[in-house]
Amino acid sequence: MGVDMLIIALLGLPLLASALVLLLHDRPNLRDGQALLIGLVTAACAIQLYGTPNGETVTLLSLAAGLDISFTPEPLGKLFALVAGVLWPVATLYTIGYMRGAGEKNHTRFMFFYAIAIHAAMGIALSGNLLTLFVFYEILTFSTYPLVTHKGTAEAMQAGRVYLGILVASSVVFLLFGILSVWVLTGTLDFESGGILAGHIDPFYVPFLLGLFAFGIGKAALMPLHRWLPAAMVAPTPVSALLHAVAVVKAGVFTVLKVAVYIFGIDFLRETGSSDWLVWVASFSILAASVVAMSKTNLKARLAYSTVSQLGYIVLGAALATSLAASGAAMHIAAHAAGKITLFFCAGAIYVAHHLTDIKDMNGLGRVMPVTYTAFAFGALSIIGVPPLAGAWSKVMLMGGALDNGHMLVLGVLMVSSLLNLVYLGEIVLRGFFAKPTHGLKSQAVQEAPLYMLLPLCLTALMSVVLFFAVDMFILDFGG
Amino acid sequence: MMQHLPVLQVLLPLLGAPLAALLRGRDMAWGLALLLTGAAFLISAVLFSLQYQADGPLIYDLGGWPAPLGIVYVIDAASALVLPVVSGLAFVATIAARRLVEAEIDARDHALFYAAWLLTIAGMLGQVTTGDAFNIFVFLEISSLSAYALVAMGAGRDRRALPAAFNYLILGTVGATFYVIGLGLLYMLTGTLNLMDLSERLAEVESARAAFTALAFIALGLFLKMALFPLHFWLVPAYAYAPSAVSALMAATATKVSVYVLIRLMFGVFGVEFNGLADAIGLLILTLGIAGAFAGTLAAILETDLKKLFAQSSIAQLGYMAIGIGAMSLTGLAAAFIHLFNHALMKGALFLAIGAIAAQVGRASMQSIEGAGRQIPITMTAILVGGLALIGVPLTAGFISKVYLVRALLEQNFWLLAGLTFISSALALAYVWKIIEAAWLKERPAGAPVLLETPAHYVPAWLMVLATIGFGIFAGPLVDAAYAAAAVFIGEGR
Amino acid sequence: MSSLAGQWNYFLVIALMMIGFYAVIARGNMVKKMVGLTIFQTSVFMLYISMGKVANGTAPILTGEAQTLYANPLPHVLILTAIVVGVATTAVGYALIIRVYESYGTIEDDDLIKMIEAEENAEARDA
């Protein structure tokens, strides 16, 4: 398939799936089955796109002079599309299992917006200019809102308000401001290798412009705009898996990285030193979120703050402004996606099988759910950064990037963070396998989650291993 | 016939008004109004294309008397853009008016209602087409007087329409009188009333002080008419208590025309280069504009009556138009025109949809729409899209307006103002989301009246919604037309 | 005409304007507001007409005599229009006053505001 067709396929297939979901709303097996099938086709397209060399820009339509909706495949975008494309069918399989196992309602509405969110993620991944990215960014926000408030409880509605409030406000007040500033300064919004800002802006102002983007991209959950993430935990776990691994947060950090590389330019950032402040903010975010994670006993809350911390890695990679760091950040997009989605899948499995949400109640659960807990261990090790799991590579690359740029303290930050990850993730694994079981679990035979859920989490756990060995395929060269 | 189109544009509704007053049969007055507004819309479309092809202003001498002796009608890029907005919205509002008026106004008054309706539309069209400054005043008053009467007709439903109409009358007349005072001063200085002639002669006037005074009076009068903060207090009660069809028509058109007249006088007659005009008054308008944007948005967040909420929102949106004007640049003026166009579409859609609800339950409040998302999904979706357009979500017309407005500000290095514009825009999310939550995320309380929707209710609103989305996606022609309109006043005129 | 005394007409205009405007703003009775508005408008009429006066000019009516000096007819025309507008405004205004009186029983601003606010509060409680 030509690159053009692949782009259209990646954008159109999720829309097709969503339309079919509506049409087949009264035939659940058909409805969910077609979503899975289309997901697999999408994954295949994403894989194929990843393998093809860079293509030309495809312009969909022109809003007005200089404001085009266009798509340009480039390495970083193709990576994100790959992550989203491959994890979508996996997550769909899991969702089918979860929704039926946990007895959730309104499946059709759920699956409909799920598919639209993937469509939006693809749009972000493949966007060729800031306007296109912004359009799909907003579509993503609004299409995930019904997913966050799915349960319909007062708590869910409140979480939805926080979610929408932070994401829309940040995108309108800061991100759009940044985008339009770029437009007025340079006359264009297109992503170009090496950045487009050099020469058009007084270096004094670059840190502020960078700040507009860093805080405008609320989906990257950079502190202090991270509150929406733990708030969104109130949603069903497939949403958390989607939010935290596939679509929303990855779209956020992807955007940060893409803007850093293709709008500012790695060299421009390094020469002007304008991203140094972001190194510190990201470092703070990494450490502070890890500390908060340790204090949470609700499993999903802990995982949420872990995500905030891990997203900080990617922003850090963008801020370090070296090619190695940027590559590490890109690698981490994939590594963290695989690892975190595994962890969330396990959290959901635990909920469906035993209705447990608090870590304190999960003593000895590892013996009752060995498969789940093993997968959890894999995911945790990847996040901590232990070989032979994917997270190890991205951590190494980030450390290398820090060295390149002379940020010694960052090395310390990364190492302390790994230790903290070990503590708060390791605790869960250790409790599961080695602690004395709490009352309800004594002498229970193995009781795992349904197969629909086990299969995906094993798949993603394995992905973490595969990514480690296949790392060559994922090193992106950003020059400089 | 073709050469008489500029005058027919105004004459048709104008002559139709007394006719409508005589038609006492069922719906006959409405039918006539529909016919005439449709014809007016057609004419404005033709005029737009004629002007576009001619690449210069079309000038029509009334009675054959050439300028500057006689009164002329001028169709240039600016009026050619605004005419279809006014007539188009008038047409769609008339379509919706049938059901809305049936529900809200006593049958014996229908003929008179439509007479006033046609008069106010004729007045607005006249303000846009004419090239004579005093003629603007005449049509301004024709439009306003009938508007006062139309607002007062809401008294059948809610007697607060009467003091609202009276306040509107007082403030509107004061505004118009200020305009006349300023015009008198201009006449004393130049000896002419023809807009193009005025701008030429004004350039030669030595007494800048008198000219500034004239500008101050004229501007003040028009600020009142366009409800620029802080002269906006008449608008909310007038829109809230008027009959729903009137709210829709006026929200979409009346203040827009005053914005146009302001641009025409300030830039067309005085001109940006006029003796420090830009510095003195530009900053003032920018400040008032952003203040209005915040005042309107914050007030809207606190409102529970939907009509008042969107009326406050209109104050904010007019603030944005003022910001575009205050930027005193080509892009700024183009942005003002773009938003003039888009806001007419968005607010037209919203008020028509709200009107459909108000016509059924008497007062469209937050409480009355709880759970309405399930009962009247089509109407509520119209409100959703309209709301998203107000926030400035991409792919809606509101986004385009915002982009060009901020671009105009950034080009002039008004970074702080740009930031403030974004903040007020984001705040709009608060009141839009209150409505969305009420409609879709709450259950309809038992005992609440069942809401119906028939095509007559939602088709006019959806026409405007589709236009909002259409001009959000295919904005190119609009942007070009707006720049052409702005170029009439700044830079090379056409 | 630069001497102060020679511009007495403008001072009169300003005086009337301010009296009328004051009445509109400061008086709470609706009829008084209308009266103020009328005075305000009339002052503007006088502004136009007095500015159109040409020294030694007579009323601008063609009588067939040659070489008569006429005052400027244009302001007269404009003011005729404006008077009509003013009459219409006054008519609508008073009609509204009558309707308000029939409906509310008062035409005093303060009382009206109290009654309207009471209605609004009642509505807000129900909403």
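So, here's what we can say about the structure. All residue numbers refer to position in the chain's written sequence, counted from 1. Chain letters start at A and ligand numbers start at 1, both assigned in the order the entries are written. With the structure being a predicted model, the display of local features is reserved for residues of pLDDT at least 70 and the display and counting of side-chain atom pairs for 80 or more, all residues being used for whole-chain, interface and lining totals. Only heavy atoms go into the side-chain values, all of them from the structure, while hydrogens and water stay out.

### Remarks on the overall build of chain B
Here's step 1: For chain B, the count of helices and strands is 19 helices and two strands.
Here's step 2: Its C-alpha atoms give chain B a radius of gyration of 21 Å, near enough to 23 Å, the size a compact globule of 494 residues would have.
Here's step 3: The principal-axis extent of the C-alpha atoms belonging to chain B is close to 70 × 55 × 40 Å.
Here's step 4: Among the 494 residues that make up chain B, the fraction classed as buried is 68%. Secondary structure is summarised from DSSP: a helix means a run of H or I of at least four residues, a strand means a run of E of at least two, and numbering begins at the N terminus for each. The globule rule used for comparison is 2.2 Å times the number of residues to the exponent 0.38, while the radius of gyration itself is calculated over C-alpha atoms. For every residue, the accessible area (1.4 Å probe, protein chains only) is compared with the maximum for its type, and the residue is labelled buried under 20%, exposed over 50%, or partly exposed between those bounds.

### Some points on the packing of aromatic side chains
Residue and element names in this part refer to chain A.
Here's step 1: Put simply, two rings from Phe, Tyr or Trp (the six-membered ring, in Trp's case) pair if the centres are within 6.5 Å, and we call them stacked under 30 degrees between planes, edge-to-face over 60, tilted for the rest. Going through the model one piece at a time under the given rule, you end up with 37 aromatic pairs over all chains.
Here's step 2: With centroids separated by 6.4 Å and ring planes inclined at 25°, the aromatic side chains of Tyr98 and Tyr351 adopt a geometry described as stacked. Taken as a pair, Tyr98 in helix α3 (residues 75-101) and Tyr351 in helix α14 (residues 323-354) lie far apart in primary sequence, 253 residues in all.
Here's step 3: Relative accessible area serves as the criterion here: at 1%, Tyr98 is assigned to the buried category.
Here's step 4: On the basis of an interplanar angle of 75° and a centroid distance of 5.1 Å, the ring pair of Phe112 and Phe113 is categorised as edge-to-face.
Here's step 5: Residue class for Phe112 comes out buried when judged on its relative accessible area of 19%.
Here's step 6: Classification of Phe113 by relative accessible area gives partly exposed; the value is 22%.
Here's step 7: These aromatic residues form a ring-pair network of at least three members: Tyr94, Tyr98, Phe345 and Tyr351.

### A few points about the packing of helix α4 (residues 110-129) of chain B against helix α5 (residues 133-152) of chain B
Residue and element names in this part refer to chain B.
Here's step 1: Under this scheme, a helix contributes an axis fitted over its contacting stretch, all axes are lines through C-alpha atoms, and angles between N-to-C directions fall in the 0 to 180 degree range. It is the contact of α4 with α5, at a shortest axis distance of 8 Å, that shows an interaxial angle of 150°. As summarised for this structure, α4 and α5 are arranged roughly antiparallel, according to the angle between their axes. With respect to the hand of their crossing, α4 and α5 are arranged in left-handed fashion. Along the contact surface, α4 presents Phe113, Ala116, Trp117, Leu119, Thr120, Ala122, Gly123, Met124, Gly126 and Gln127, while α5 presents Ile136, Phe139, Leu140, Ile142, Ser143, Ser146, Ala147 and Leu150.
Here's step 2: When residues are grouped by polarity, Ala, Val, Leu, Ile, Met, Phe, Trp, Tyr, Cys and Pro land in nonpolar, Asp, Glu, Lys and Arg in charged, and all others, Gly among them, in polar. Class assignment for the residues of the contact of α4 with α5 results in 12 nonpolar, six polar and no charged. Orientation is classified from the angle alone, with under 35 degrees giving roughly parallel, over 145 giving roughly antiparallel, 65 to 115 giving roughly perpendicular, and any other angle giving oblique. The sense of a crossing depends on the near helix, which, turned anticlockwise from the far helix by less than a right angle, makes the crossing left-handed and, turned clockwise, makes it right-handed. We call two residues contacting when some pair of their heavy atoms lies within 4.5 Å.

### Details of the interface of chain B and chain C
Here's step 1: In this complex, chain B contributes 33 residues to the contact, which on the side of chain C involves 38 residues.
Here's step 2: The term buried area denotes the loss of accessible surface (1.4 Å probe radius) that occurs when two parts are joined, taken as the sum for both partners. Between chain B and chain C the total buried area reaches about 3300 Å² when both faces are included, carbon and sulfur atoms providing 75% of it.
Here's step 3: By the criterion of area lost to chain C, the three top residues of chain B are Arg159, Arg160 and Phe166 of chain B, representing 21% of everything that side buries.
Here's step 4: Criterion for a salt bridge: a side-chain nitrogen of Lys or Arg within 4 Å of a carboxyl oxygen of Asp or Glu. The interface formed by chain B and chain C holds four salt bridges in total.
Here's step 5: The definition of a polar contact used here is a pair of N or O atoms within 3.5 Å, where within protein one atom must be able to donate a hydrogen and the other to accept one, and adjacent residues in sequence count solely through side-chain atom pairs. The tally of links between chain B and chain C comes to 10 residue pairs in polar contact (both at pLDDT 80 or more).
Here's step 6: Those elements that place two or more of their residues in the side of chain B that touches chain C are α5 and α6 (161-190) of chain B.
Here's step 7: Per-element tally for the side of chain B that touches chain C: the top contributor is α6 of chain B, with 16 residues.
Here's step 8: Grouping the amino acids of the side of chain B that touches chain C by side-chain chemistry returns 22 nonpolar, five polar and six charged.

### Here we look at the side chain of Ser143 of chain B
Here's step 1: Take Ser143 of chain B: it is sitting in helix α5.
Here's step 2: Excluding residues within four positions of it along the chain, Ser143 of chain B makes contact with Leu119, Thr120, Gly123, Met124 and Gln127 of chain B.

### So, the pairing of strand β2 (residues 72-75) of chain B
Residue and element names in this part refer to chain B.
Here's step 1: Residue alternation in β2 divides its side chains into two sets, Val72 and Val74 and Tyr73 and Ile75, and both sets are buried.
Here's step 2: Relative to β2, strand β1 (residues 58-61) is paired through four bridges, and the arrangement is antiparallel. Its bridge partner being in β2, Asp61 is matched across the sheet by Val72. Strand pairing requires that DSSP identify at least two bridges connecting the strands.

### Some thoughts on the state of the cysteines
Residues and elements named next belong to chain A.
Here's step 1: In this description, a disulfide is simply a cysteine sulfur pair whose atoms lie within 2.5 Å. Counted according to the given criterion, the structure contains zero disulfides over all chains.
Here's step 2: The thiol of Cys346 is unpaired, and the distance to the nearest cysteine sulfur, on Cys458, comes to 8.2 Å.
Here's step 3: Here Cys346 falls in the buried class, since its relative accessible area comes to 0%.

### Considering the interface of chain B and chain A
Here's step 1: Tallying the contact residues gives 29 residues for chain B and 26 residues for chain A.
Here's step 2: Buried area between chain B and chain A, summed over both chains or domains, comes out near 2500 Å², and the portion from carbon and sulfur atoms is 84%.
Here's step 3: Broken down residue by residue, the surface that chain B buries against chain A is led by Phe399, Phe422 and Trp433 of chain B, which jointly contribute 21%.
Here's step 4: Linking chain B with chain A are one salt bridge, by the criterion used here.

### With respect to the nonpolar core
Here's step 1: If you look at the biggest cluster of nonpolar residues, it comprises 431 residues, and the most contacted ones within it are Trp117 and Phe337 of chain B.
Here's step 2: When near neighbours in sequence (up to four residues on either side) are disregarded, Trp117 of chain B contacts Ala33, Ala90, Ala93, Thr94, Ala97, Leu150, Ala245, Val246 and Leu249 of chain B. Put simply, buried Ala, Val, Leu, Ile, Met, Phe, Trp, Tyr and Cys residues joined by side-chain atoms within 4.5 Å make one nonpolar core.

### Comments concerning the pattern of salt bridges
Here's step 1: Overall, the coordinates contain 20 salt bridges over all chains when judged by the stated rule.
Here's step 2: A salt bridge links Arg407 of chain B to Glu411 of chain B, with the nearest nitrogen and oxygen atoms 3.0 Å apart. Separated by four residues within a single helix, Arg407 of chain B and Glu411 of chain B lie in helix α16 (residues 397-411), roughly one turn from each other.
Here's step 3: By relative accessible area, Arg407 of chain B is classed as partly exposed at 23%.
Here's step 4: Taking the relative accessible area as the measure of exposure, Glu411 of chain B reaches 33% and is therefore partly exposed.
Here's step 5: Here Lys33 of chain C and Asp109 of chain C are joined by a salt bridge, their closest N and O atoms 3.5 Å apart. A residue pair is termed long-range when its members are at least 10 positions apart, and Lys33 of chain C in helix α2 (residues 30-52) and Asp109 of chain C in helix α4 (residues 109-126) qualify at 76 residues.

### Observations concerning unusual backbone geometry
Residue and element names in this part refer to chain A.
Here's step 1: Omega for the peptide link from Pro387 to Pro388 comes to 5°, which places this bond in the cis form.
Here's step 2: The residue Pro388 is located in the loop between α16 (370-384) and α17 (391-404) in this model.
Here's step 3: Located in the positive-phi region is Ala221, a residue other than glycine, with phi close to 50°.
Here's step 4: Summarising the element assignment, Ala221 is placed in the loop between α7 (206-216) and α8 (228-231).
Here's step 5: The phi dihedral of Ala321 falls on the positive side, at around 55°, and the residue is not glycine.
Here's step 6: Structurally, Ala321 can be placed in the loop between α13 (299-320) and α14.
Here's step 7: You can call Ala321 buried: its relative accessible area is 1%.

### Things to note about the arrangement of the chains
Here's step 1: The interface with the highest contact count, out of two pairs of chains in contact, is the one between chains B and C.
Here's step 2: The least C-alpha distance between chain A and chain C, which are not in contact, is 21 Å.

### Here's the deal with α16 of chain B
Residue and element names in this part refer to chain B.
Here's step 1: Expected span of a helix: the number of residues minus one, times 1.5 Å. If you check α16, its first and last C-alpha atoms are 21 Å apart, about what 15 residues at 1.5 Å a residue would give, namely 21 Å.
Here's step 2: Across the 15 residues of α16, 13 count as buried, placing the element largely inside the fold.
Here's step 3: In the segment just after α16, Asn413 is the residue with positive phi, at about 65°.

### Digging into the environment of Tyr205 of chain A
Residue and element names in this part refer to chain A.
Here's step 1: Structurally, Tyr205 is set in the loop between α6 (154-186) and α7.
Here's step 2: Accessibility expressed as a relative area gives 47% for Tyr205, which makes it partly exposed.
Here's step 3: Each C-alpha atom of the pair Tyr205 and Ala241 lies 38 Å from the other, and the pair is 36 residues apart in sequence.

### Focus on the environment of Asp111 of chain C
Residue and element names in this part refer to chain C.
Here's step 1: Of note, Asp111 is situated in helix α4.
Here's step 2: Taking the relative accessible area as the measure of exposure, Asp111 reaches 33% and is therefore partly exposed.
Here's step 3: Taking the C-alpha atoms as reference points, Asp111 and Asn29, separated by 82 residues in sequence, lie 9.8 Å from one another.

### As for the environment of Ser247 of chain B
Residue and element names in this part refer to chain B.
Here's step 1: Topologically, Ser247 is positioned in helix α10 (residues 244-270).
Here's step 2: Overall, Ser247 belongs to the buried group, its relative accessible area being 1%.
Here's step 3: When the C-alpha atoms of Ser247 and Gly355 are compared, they prove to be 8.1 Å apart, with 108 residues separating the residues in sequence.

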